[in-house]
Amino acid sequence: MSVSTAALDSSVCAPLPVLGQDVTVPLVTGGEVTYAALDYAASAPALQRVWDDVAAYAPYYGSVHRGAGYLSQLSTDLFENSRRTVAEFLGCRADDQVVFTRSTTDSLNLLAAAIPAGCQVFVYETEHHASLLPWRDAQVTYLNAPRTPGQAVETLERALADRAPYGPALVCVTGASNVTGELWPVKELAAAAHAHGARIVLDAAQLAPHHPVDIAELDVDWVAFSGHKLYAPFGSGVLAGRADWLQAAEPYLAGGGASRKVARRADGGVDVDWHTTAARHEAGSPNVIGVYSIASACKALTEAGFDTLVAREQELVRRVREGLAEVPEVQVLSLFGDDAPRVGVISFVVRGWNSSHFAAALSAEYGIGVRDGLFCAHPLVRTLLGSDPQDPGECGAPEAEPGERSLNAIRVSFGAGTPDEHIERFLRAVSELVRQGARWKYRTEDGRCVPDRGEAARTV
């Protein structure tokens, strides 16, 4: 395998500076190495630009909307300016609302609480649990995993045409799979939904960090994403889109900020006049720093130039796929096939290896952080692995010994902050582990595959 001498084409652009680039971690075989963070699909490292912006604002921190002091007014302006920045980043229409939440999961649960009574929801089994599970009070139709983008559109059109009685309907779909990285035909799905009188919400958690998202151009009704995948710290998210269902619904949380006027009634009860703006679903003191960090990330990605970022990431995708293809024991998971466009998210299994064992060896022996498991998309991964939907398996390591077949996979993911060296080290490690085996013994402990500190598996 030629990865030890192959070089990525770095002429496209340099990686963006992110936190943790110089962090070193110990190797079980001795010594230390700079950590290779290749788990962007779970949480991307924060951009240095974002961290610097937050640090500059921190001394001026103040409560928003209800303070007369200078810092409160400054923080309120920053909070609302952040809303406008996010709206611009997403290409929102003039009458769209941007609601700040805790995460993609929180955003989709908010929308689920706002859908009209009797609404039918259509969702593919390929979705992340954040978009697969929130629709508990609705009539849900789960659609089988399509094998081509065209089949995805056809499946949706048939399901919508067959629905009865005719009434409110919502389609929920990912923009890019958190398992395969494949891009979904969002614009075509939106057209199909609208042709049948349905609305559509886009789970952009994996799309927004890697690719421009334009609500108006895609013609989707809502977009949801998380800050921690968009190179911002944890704890903040966005639901952006049409206002009518949100304005008509009861507030997601009842409390200060969501209420415009509260008065006691003569009978001892309470009358509440709720806001009709985004504040209706933002009760309580908001996460101002989290919101500002999202806005900062939006600005940083826009200023860096998405065309340039996408071009560099596609070069990394090409190199990883070509490198993995040189190892016959590696099977890359895919719904739409090798030629499908995708972002920097690739999942695979290795013949003869328990996936958790392989991921543990990458970490302990090479300082590479990837993810193993079912990636909170259990039905999809089981479909891709050709296992029965009832087979055991969960997010994290199964109770299987190293070397045993596992019903989960390995995911490598990367993005705007990934150095070329991390990709080269990963490909070299995959090749060495498959051909030479692990250099250390491993065991299962508390559901995780970990190095056995007793002895090496072979001479180090």
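So, here is what we can say about the structure in this document. One numbering rule holds for all chains: residues counted from 1, following each sequence as written. Only residues with pLDDT of at least 70 are given local features in this predicted model, and only at 80 or more are side-chain atom pairs given and counted; all residues enter the totals for whole chains, interfaces and linings. Water and hydrogen atoms play no part in the side-chain values, which are based on all heavy atoms of the structure.

## Here we look at the environment of N178
Turning to step 1, where the next piece is worked out: Its place among the elements puts N178 in the loop between β7 (169–174) and α6 (186–195).
Turning to step 2, where the next piece is worked out: Along the backbone, N178 and A114 are 64 residues apart, and their C-alpha atoms lie at a distance of 26 Å.
Turning to step 3, where the next piece is worked out: The term polar contact refers here to a pair of N or O atoms within 3.5 Å; inside protein, the definition further demands a hydrogen-donor-capable atom paired with an acceptor-capable atom, and it admits residues adjacent in sequence only when both atoms are side-chain atoms. At 2.9 Å, the side chain of N178 and the backbone oxygen of F375 are in polar contact. Strands here mean DSSP runs of E at least two residues long; helices mean DSSP runs of H or I at least four residues long; both are numbered from the N terminus.

## A closer look at helix α3 (residues 104–114)
Turning to step 1, where the next piece is worked out: Relative accessibility decides the category of a residue: with a 1.4 Å probe and only protein chains considered, values under 20% of the type maximum give buried, values over 50% give exposed, and everything between is partly exposed. The element α3 is extensively covered by neighbouring structure, given that nine of its eleven residues are classed as buried.
Turning to step 2, where the next piece is worked out: Listing the buried residues of α3 in full gives T104, D106, S107, L108, N109, L110, L111, A112 and A114.

## Here's the deal with the packing of helix α10 (residues 306–325) against helix α13 (residues 420–436)
Turning to step 1, where the next piece is worked out: The axes used here are C-alpha line fits, helices contributing only the stretch in contact, and every angle between their N-to-C directions lies in the interval 0 to 180 degrees. Following both chains from N to C, one finds α10 and α13 inclined at 10°, their axes separated by 10 Å at the closest point. Relative to α13, α10 is oriented roughly parallel. For the pair α10 and α13, contact is made by R312, L316, R319, V320, G323 and L324 and by D420, I423, E424, F426, L427 and V430, respectively.
Turning to step 2, where the next piece is worked out: Three residue categories are used. Nonpolar comprises Ala, Val, Leu, Ile, Met, Phe, Trp, Tyr, Cys and Pro, charged comprises Asp, Glu, Lys and Arg, and polar comprises the others, including Gly. By residue class, the composition of the contact of α10 with α13 is seven nonpolar, one polar and four charged. By definition in this entry, angles of less than 35 degrees are roughly parallel, angles greater than 145 are roughly antiparallel, angles of 65 to 115 are roughly perpendicular, and the rest are oblique. Contacts were defined at the residue level, with two residues in contact if any of their heavy atoms lie within 4.5 Å.

## As for the nonpolar core
Turning to step 1, where the next piece is worked out: As used here, the term nonpolar core means buried Ala, Val, Leu, Ile, Met, Phe, Trp, Tyr and Cys residues forming a set that is joined through side-chain atoms within 4.5 Å. L90 and F225 are the most contacted members of the largest nonpolar core, which totals 79 residues.
Turning to step 2, where the next piece is worked out: Non-local contacts of L90, meaning those with residues more than four positions away in its chain, are made with V213, D214, I215, V223, F225, V238 and A240.
Turning to step 3, where the next piece is worked out: Formed by 36 residues, the second largest nonpolar core is a distinct cluster that contains V317, Y366, I368 and V370.

## A closer look at the side chain of S355
Turning to step 1, where the next piece is worked out: One can find S355 in helix α11 (residues 355–366).
Turning to step 2, where the next piece is worked out: The class for S355 is buried, based on a relative accessible area of 2%.
Turning to step 3, where the next piece is worked out: A polar side-chain atom of S355 sits 3.0 Å from the main-chain carbonyl oxygen of N408.

## Concerning the sheet that holds strand β17 (residues 409–413)
Turning to step 1, where the next piece is worked out: The strand order across the open sheet formed by four strands is β13-β14-β17-β16, and the pairing between neighbours is antiparallel. At either end of the open sheet lies a strand with only one pairing partner, and these are β13 (330–332) and β16 (371–373). The sheet shows a mean angle of 30° between the axes of neighbouring strands, taken without regard to direction.
Turning to step 2, where the next piece is worked out: Taken together, the three bridges between β16 and β17 define a ladder with antiparallel strand orientation. Among the inter-strand pairings, R371 is bridged to a residue of β17, identified as R411. In this scheme, strands are said to pair when DSSP sees at least two bridges between them.

## Some thoughts on the environment of S43
Turning to step 1, where the next piece is worked out: Note on placement: S43 falls in the loop between β3 (36–37) and α1 (48–57).
Turning to step 2, where the next piece is worked out: The exposure class assigned to S43 is partly exposed, which follows from its relative accessible area of 25%.
Turning to step 3, where the next piece is worked out: If we ignore the near neighbours within four places in the chain, the residues touching S43 are H228 and F234.
Turning to step 4, where the next piece is worked out: A polar atom in the side chain of S43 sits 2.7 Å from the side chain of H228.

## Details of the packing of aromatic side chains
Turning to step 1, where the next piece is worked out: The criterion for an aromatic pair is that two Phe, Tyr or Trp rings (for Trp, the six-membered ring) have centres within 6.5 Å, with stacked assigned to planes under 30 degrees apart, edge-to-face to planes over 60 apart and tilted to the rest. Under the counting rule described, the total for this entry stands at eleven aromatic pairs.
Turning to step 2, where the next piece is worked out: Residues W222 and W245 carry aromatic rings whose centres are separated by 5.2 Å and whose planes lie at 35° to one another, so their mutual orientation is tilted. Pair noted here: W222 is in strand β9 (residues 222–226) and W245 is in helix α8 (residues 244–248), with a separation of 23 residues, a long-range link.
Turning to step 3, where the next piece is worked out: Summarising the aromatic geometry, the rings of F348 and F358 are spaced 6.4 Å apart at their centres and angled 90° between planes, so their arrangement reads as edge-to-face. Separated by ten residues along the polypeptide, F348 in strand β14 (residues 345–350) and F358 in helix α11 bring together distant segments of the chain.

## Let's talk about the sheet that holds strand β5 (residues 120–124)
Turning to step 1, where the next piece is worked out: Taken in spatial order, the seven strands make up an open sheet running β4-β10-β9-β8-β7-β5-β6, and their pairing is mixed. Each of the sheet's edge strands pairs with one partner strand only, and the pair in question is β4 (97–101) and β6 (139–143). Looking at each pair of strands side by side, their axes are set apart by 20° on average, direction ignored.
Turning to step 2, where the next piece is worked out: As judged from the five bridges shared by β4 and strand β10 (residues 237–241), these two strands associate in the antiparallel manner. If you follow V98 over to β10, its bridge partner there is A240.
Turning to step 3, where the next piece is worked out: Taken strand by strand, helix α2 (residues 70–89) contacts β4, β9 and β10, and its axis lies near 115° from that of β4.
Turning to step 4, where the next piece is worked out: The strands touched by α3 within the sheet are β4, β7, β8 (199–203), β9 and β10, with β9 carrying the most contacts at an inclination of about 150°.

Shape is all these values report; function is a separate question.
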